[in-house]
Amino acid sequence: MASHRMRVTAVAVLFAAGVRQFLADGEASESCHLQLHGKGELKSAKPVGGLTLGEETETSGDEEMESDLVPNRQTAWFRECVPAFSDEGYGLKAPSLNLENHSSYELYLKPSGLCQSFLFCAYQGCTPPKKRKACAALQEDQIRELVDAPEKVTAHLRKCPPDNLPFSVVKAETVADIIEAVEFAKHTGRSISIKVSGLNYAGSSLFYGSVNINMANYQKYSKSNIIECGTLPEPIPTSLTNQKAVCKLAAARGKKAVVRVGGGENWNEVYSAVYWYQLPTQTTRRYLVVGGAAGTVSAAGGWLQGSGLSGTIGMRIFGFGVDQVLQIEMVLSNGKHVRFMPSSWTNDSNVTGKIYPQTLTVSGECNQNPVADESKWHWEPCDDLGLPVTFKDLWFAVRGGGGGTYGIVTSVYYQLHEQVSQQLLLDYYFVYTLPAVLSSCTQEACHDLVRSLWLNFVRDYFHPKEEFPWKDDSKFCGTPILNLDIFLGGAFIICHGETAVFTFIGVWQSFVAGYQEALKAVGLSEEDVAKLQKDDGGIFAFSLSADWYPASLFSSPSFPWPAHMNKYPTELPDFPTPATYPENYVVDWTALVPVEWLYLDRGIPTLLALVKGGLGGPSTYVLGGQLAVSDDGLTSVPDFQRKAGFMLFLTGGESVESFLRGTFEEYIGGNSSTKAFPGGSEYLHISPIAYGPLIDDWTKACPDSLSDFEKAKKCLSLQESVWGTEQLAKLEEVKEKADPEHLFQCFDCVGFKGIRRSHRPWKPKPMFCLKPSYASTCYKWLDHDPAGDVNFMKKARSELLEALKHHYHLKHLVMPEMAKDAPYKVKVQATKLKVTLPVLSS
């Protein structure tokens with residue numbers, strides 16, 4: 001190995017303010033005793049990856065927390081990670097604690113490798129220990145009281161040092177670095193955690209006392225590894241045999257090109273590579289890759305391995321991120337460097353009903369010379385991985401079974417898709433939703449009918465029945481930010497191509513036409529009905545994508561060009577911005593709503609009740625489209641998620657969660673004695689303090705009154721709430737085979753057995769989001785129902801429209817006559833059932 005590179009089997013590297021401190025073997029191999037809580041004791045401790053985790057006990061006083069953390073790590077964290085937050089008063093004056101002038105781009109590249117997008121994810125489970133005075137002052141309900149005294153937050157941080165920092169950080173640049181880091185961890189009895197950008201809601205990128213493998217500086221492939229399969233030479237030279245195999249699978253899927261993505265790349269890097277790729281004789285952008293919304297999201301890390309949601313880039317057309325993978329390359333827990341992919345499949349869509357071939361067998365190769373210089377790698381077919389796991393096991397688990405737990409992904413090959421529109425500037429239409437300001441709609445009956453009109457429309461448009469004439473066009477529009485309340489707006493829909501956007505508007509106009517008489521009957525004037533039906537300037541505004549689409553990909557009407565991106569004017573913005581707490585901290589349940597349930601008599605009335613109560617969350621993630629038929633038969637994304645229509649970021653506390661779970665009873669069953677729990681929570685955005693429902697009654701939320709230990713005994717785990725009983729059992733079996741020593745550890749991953757902190761320091765209350773952002777972030781909350789506040793909403797709508805005109809080059813959309821004439825016959829879908837929400841739990 002090159003002399004300038006340290007051997008991680010001999011030393012641990014600690015980065016503190018950019019300075020490396022070297023520990024000798026003897027020091028590095030000392031056992032690590034985990035203390036979470038000062039002078040308290042660990043109860044019912046369980047071994048986890050060579051560490052011990054347990055519940056904290058009571059402590060008293062304001063004394064500094066005892067800890068075996070090396071001071072250099074604390075110093076590095078305070079010096080590099082805290083200033084961005086303290087500079088802005090920890091975001092305490094912002095509705096969601098998000099920063100306005102700092103980006104995750106600057107945080108994840110800090111020399112120590114310890115900074116994450118959410119400051120408090122330096123604590124286990126992103127939650128400071130609740131039973132210390134200094135730490136308790138950092139709980140959200142109390143930290144809000146320090147809005148005018150951020151220096152007190154800093155003081156509390158010093159008295160409550162982070163308890164989730166790793167023992168050492170290895171900044172891997174080559175596969176040889178990774179293998180040596182694995183050997184070092186095994187030699188010293190430490191666990192391994194994996195970090196790319198640190199944009200993780202559960203703080204899974206770091207793990208206390210671990211050897212953290214930081215992938216941010218790892219080899220970047222995408223810019224120089226886009227392959228148009230038709231250009232491969234014949235006969236194929238030995239150096240291109242792997243690319244030929246990948247292209248063979250791509251061809252079976254009807255794809256002409258592929259891209260190799262490094263394990264440390266983010267989506268900004270990949271989008272840039274794919275977007276600007278073109279043949280010398282062409283001027284159109286040729287290809288699209290399904291990816292994440294924020295530029296700092298890792299392209300082959302936790303995003304992919306957690307399913308790969310893509311609300312803005314073709315997910316409803318082409319499937320989840322995991323459905324785009326053609327080959328995986330990774331380092332296993334025994335240090336073997338392998339790559340694997342399907343080697344046989346069935347491709348009769350008329351029989352399978354799926355859009356991609358169904359995998360039958362998976363084969364792979366082992367690198368016999370995994371040195372730093374990739375040109376010297378030597379791949380040979382292999383079956384014996386030195387572990388009881390098989391390539392088929394890994395193909396199943398890595399694609400959807402959560403990151404950080406089966407091994408370290410070093411690269412993947414993704415399929416590329418032909419652009420839906422081949423015209424350079426006509427690929428993406430942004431349909432911005434504006435608040436409906438209806439002066440004549442003064443009664444609750446009118447509010448309810450207008451809201452029901454919108455709810456029925458978004459259900460029928462995004463999740464059409466077979467007989468609906470727009471069924472084939474619906475999948476070309478989607479969004480991760482849908483506001484279910486028509487009186488709020490503030491969100492956007494992205495449509496691929498003119499046909500898609502015209503169909504979207506045409507269906508909406510047909511709905512308004514079908515409801516016209518009913519709307520007038522509840523007091524809506526003809527003028528206000530006409531406002532609703534306008535194709536442009538009513539409740540919609542339109543723009544086309546900018547010249548470089550990633551730069552505007554996540555532009556929503558809630559934002560001008562954000563200040564935090566001023567240093568990165570050509571990068572894909574990272575939304576949400578860094579925050580003190582993960583913004584989903586107050587989300588009770590990332591509820592996956594079955595499409596079938598939406599069409600039940602109680603479906604729309606239940607959503608209406610949540611909307612009226614201000615409890616449906618700031619925004620809703622639209623799923624559906626072809627997600628139910630885009631798998632290859634061997635991903636670990638739960639069927640519950642593939643068949644869901646929406647993901648709700650449910651707020652309102654225990655009583656509201658129980659209320660909604662109760663309406664899903666036929667989909668989840670009653671209790672674990674009758675059948676396996678099927679899942680129903682989305683993993684990538686789940687709250688770090690969330691649990692599944694009660695084990696004895698799946699229609700009831702896990703009570704907040706229980707202690708952390710009681711929740712672990714009486715409630716379904718976060719993992720079981722996501723993958724379901726049977727799928728989780730399969731994943732845990734793969735984990736045991738792939739990592740029998742539980743070397744890889746992270747919070748809320750498959751195989752994590754520690755006690756989680758789940759204290760909810762807030763009291764739920766109705767909140768209406770006027771400026772929604774991604775996931776559960778909101779940049780302007782209202783504490784009252786907007787439907788009856790016409791003057792306020794008129795002003796809000798005007799401000800929103802002005803911001804759009806100023807920043808996003810709004811375009812008047814010239815609708816075809818067919819759309820103007822409301823071509824689809826839509827009848828009023830009467831609400832037969834009145835649903836009343838329970839009293840909010842405190």
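Keep in mind it's a predicted model, so treat the numbers as computed, not measured.

Draft legend 1. The arrangement of the overall build of the chain in detail. Each helix and strand counted, the chain has 27 helices and 24 strands in total. The proportion of buried residues among the 842 residues of the chain is 64%. Across the chain, contacts joining residues at least 24 apart in sequence account for 77% of those joining residues at least 6 apart. A total of about 29300 Å² of accessible surface is found on the chain, and carbon and sulfur atoms cover 51% of it.

Draft legend 2. Region of interest: the sheet that holds strand S21 (residues 620-622). Spatial ordering of the open sheet is given by S20-S22-S21, a layout of 3 strands whose pairing is antiparallel. The strands lining the two open edges of the sheet, one partner per strand, are strand S20 (589-594) and S21. The average angle at which neighbouring strand axes cross in this sheet is 20°, direction not considered. Pairing analysis gives 6 bridges linking S20 to strand S22 (residues 644-650), with the strands arranged antiparallel. Looking at the pairing, Trp-589 lines up with Leu-650 of S22.

Draft legend 3. Region of interest: the environment of Leu-519. Structurally, Leu-519 is set in helix H16 (residues 498-521). Residue classification places Leu-519 among the buried residues on the basis of a relative accessible area of 0%. Along the sequence, Leu-519 and Cys-446 sit 73 residues apart, while their C-alpha atoms lie 7.0 Å from each other. Beyond its immediate sequence surroundings of up to four residues, Leu-519 is in contact with Leu-449, Val-450, Leu-453, Leu-524, Val-529 and Leu-532.

Draft legend 4. Quick peek at the state of the cysteines. This model, assessed by the stated rule, comprises 10 disulfides. In this model, Cys-366 is linked to Cys-382 through a disulfide, with the two sulfur atoms separated by 2.0 Å. On the sign convention where negative means left-handed, the S-S torsion of about 80° between Cys-366 and Cys-382 marks this disulfide as right-handed. With Cys-366 in strand S13 (residues 358-367) and Cys-382 in the loop between strand S14 (379-381) and helix H13 (391-398), the pair connects residues that are 16 residues apart, well separated along the chain. We classify Cys-366 as buried; its relative accessible area is 4%. Here Cys-746 is linked by a disulfide to Cys-749, with a sulfur-sulfur distance of 1.7 Å. Note on the Cys-746 and Cys-749 pair: the S-S dihedral is about -115°, so by sign convention the disulfide is left-handed. The residues Cys-746 and Cys-749 share a single accessibility class, namely buried.

Draft legend 5. Looking closely at the side chain of Asp-460. Residue placement: Asp-460 occurs in helix H14 (residues 444-462). When its relative accessible area of 3% is taken as the criterion, Asp-460 is described as buried. Here Arg-459 takes part through its side chain, which lies 2.8 Å from a polar atom of the side chain of Asp-460. If near-sequence neighbours (up to four positions away) are discounted, Asp-460 is found in contact with Phe-468, Trp-470, Phe-511, Tyr-599 and Gln-829.

Draft legend 6. Summary view of the side chain of Gln-727. Within the element layout of this structure, Gln-727 appears in helix H25 (residues 718-738). Here Gln-727 falls in the buried class, since its relative accessible area comes to 15%. With residues up to four places along the chain from it excluded, the contact list for Gln-727 reads Phe-396, Thr-635, Ser-636, Val-637 and Pro-638.

Draft legend 7. Highlighting the confidence of the model for the chain. For the chain, mean pLDDT is 84; residues scoring 70 or higher make up 84% of the total. A low-confidence stretch, residues 422-426 stays under pLDDT 50, and its non-local contacts, those more than four residues away or across chains, total 16 contacts. Across residues 546-560, confidence stays below pLDDT 50; counting only partners more than four residues off in sequence or on other chains, it has 63 contacts.

Draft legend 8. Representation of the pairing of S13. Here strand S12 (residues 337-346) runs beside S13; their pairing, made up of 8 bridges, is antiparallel. Each bridged residue has a counterpart across the sheet, and for Ser-344 the counterpart in S13 is Thr-361. As judged from the 3 bridges shared by S13 and S14, these two strands associate in the antiparallel manner. Bridge pairing in S14 links Glu-365 to Pro-381.

Draft legend 9. Spatial organisation of the sheet that holds strand S7 (residues 211-214). Judged by pairing direction, the sheet is parallel, and its 3 strands sit side by side in the order S5-S7-S6 without closing on themselves. Every interior strand has two partners, whereas the edge strands, strand S5 (168-171) and strand S6 (192-195), have only one. The sheet shows a mean angle of 25° between the axes of neighbouring strands, direction not considered. Bridge count for S6 against S7 is 4 bridges, and the pairing is parallel. Paired with Lys-195 across the two strands is Asn-214, which belongs to S7. Its contacts with the sheet put helix H7 (residues 175-188) on S5, S6 and S7, and the angle it makes with S7 is roughly 170°.

Draft legend 10. Molecular detail of the environment of Met-330. Within the secondary structure, Met-330 sits in strand S11 (residues 325-331). Its relative accessible area of 1% is what places Met-330 among the buried residues. Sequence spacing of Met-330 and Leu-394 is 64 residues, and the spatial spacing of their C-alpha atoms is 9.9 Å.

Draft legend 11. Spotlight on the pairing of S20. When you tally the buried positions in S20, you get 6 out of 6 residues, the bulk of the element. Judged by which residues are buried, S20 turns out to be covered on both faces: Trp-589, Ala-591 and Val-593 on one side and Thr-590, Leu-592 and Pro-594 on the other are all buried.

Draft legend 12. Representation of the nonpolar core in the model. Tyr-414, Phe-504, Trp-508 and Leu-532 are the most contacted members of the largest nonpolar core, which has 171 residues in total. For this core, the element with the most residues is H16, which contributes 11 residues. Apart from the residues lying within four places of it in its own chain, the contact partners of Trp-508 are Leu-453, Trp-454, Phe-457, Ile-486, Leu-532, Ile-539 and Phe-540. Judged by nonpolar contacts, the second largest core, of 32 residues, contains Tyr-123, Leu-138, Leu-165 and Val-169.

Draft legend 13. Region of the structure containing the pattern of salt bridges. Evaluated as defined, the whole model comprises 25 salt bridges. The salt bridge partner of Asp-448 is Lys-612, with a shortest N-O separation of 3.2 Å. A residue pair is termed long-range when its members are at least 10 positions apart, and Asp-448 in helix H14 and Lys-612 in helix H20 (residues 603-612) qualify at 164 residues. Under the relative-accessibility criterion, Asp-448 is labelled buried at 16%. On the accessibility criterion, Lys-612 (24% relative accessible area) is partly exposed. With a closest N to O distance of 3.6 Å, Asp-697 and Lys-700 form a salt bridge. Relative accessible area serves as the criterion here: at 25%, Asp-697 is assigned to the partly exposed category. Taken together, the shared-partner salt bridges connect Arg-260, Glu-329 and Glu-374 into one network.

Basis of the calculations
- Residues numbered from 1 in each chain as written.
- Predicted model: local features only at pLDDT ≥ 70, side-chain atom pairs only at ≥ 80, totals over all residues.
- Heavy atoms only, no water.
- Helix = DSSP H or I, 4+ residues; strand = E, 2+ residues; numbered from the N terminus.
- Buried < 20%, exposed > 50% of the residue type's maximum accessible area, 1.4 Å probe, protein only.
- Contact = heavy atoms within 4.5 Å.
- Areas by Shrake-Rupley, 256 points an atom, 1.4 Å probe, with all protein chains shown as cover.
- Pairing = 2+ DSSP bridges.
- Axes fitted to C-alpha atoms, helices over the stretch in contact; angles between N-to-C directions.
- Disulfide = S-S within 2.5 Å.
- Polar contact = N/O pair within 3.5 Å; in protein donor to acceptor, adjacent residues only side chain to side chain.
- pLDDT = per-residue confidence, 0-100.
- Core = buried A, V, L, I, M, F, W, Y, C linked by side-chain atoms within 4.5 Å.
- Salt bridge = Lys/Arg side-chain N within 4 Å of Asp/Glu carboxyl O.

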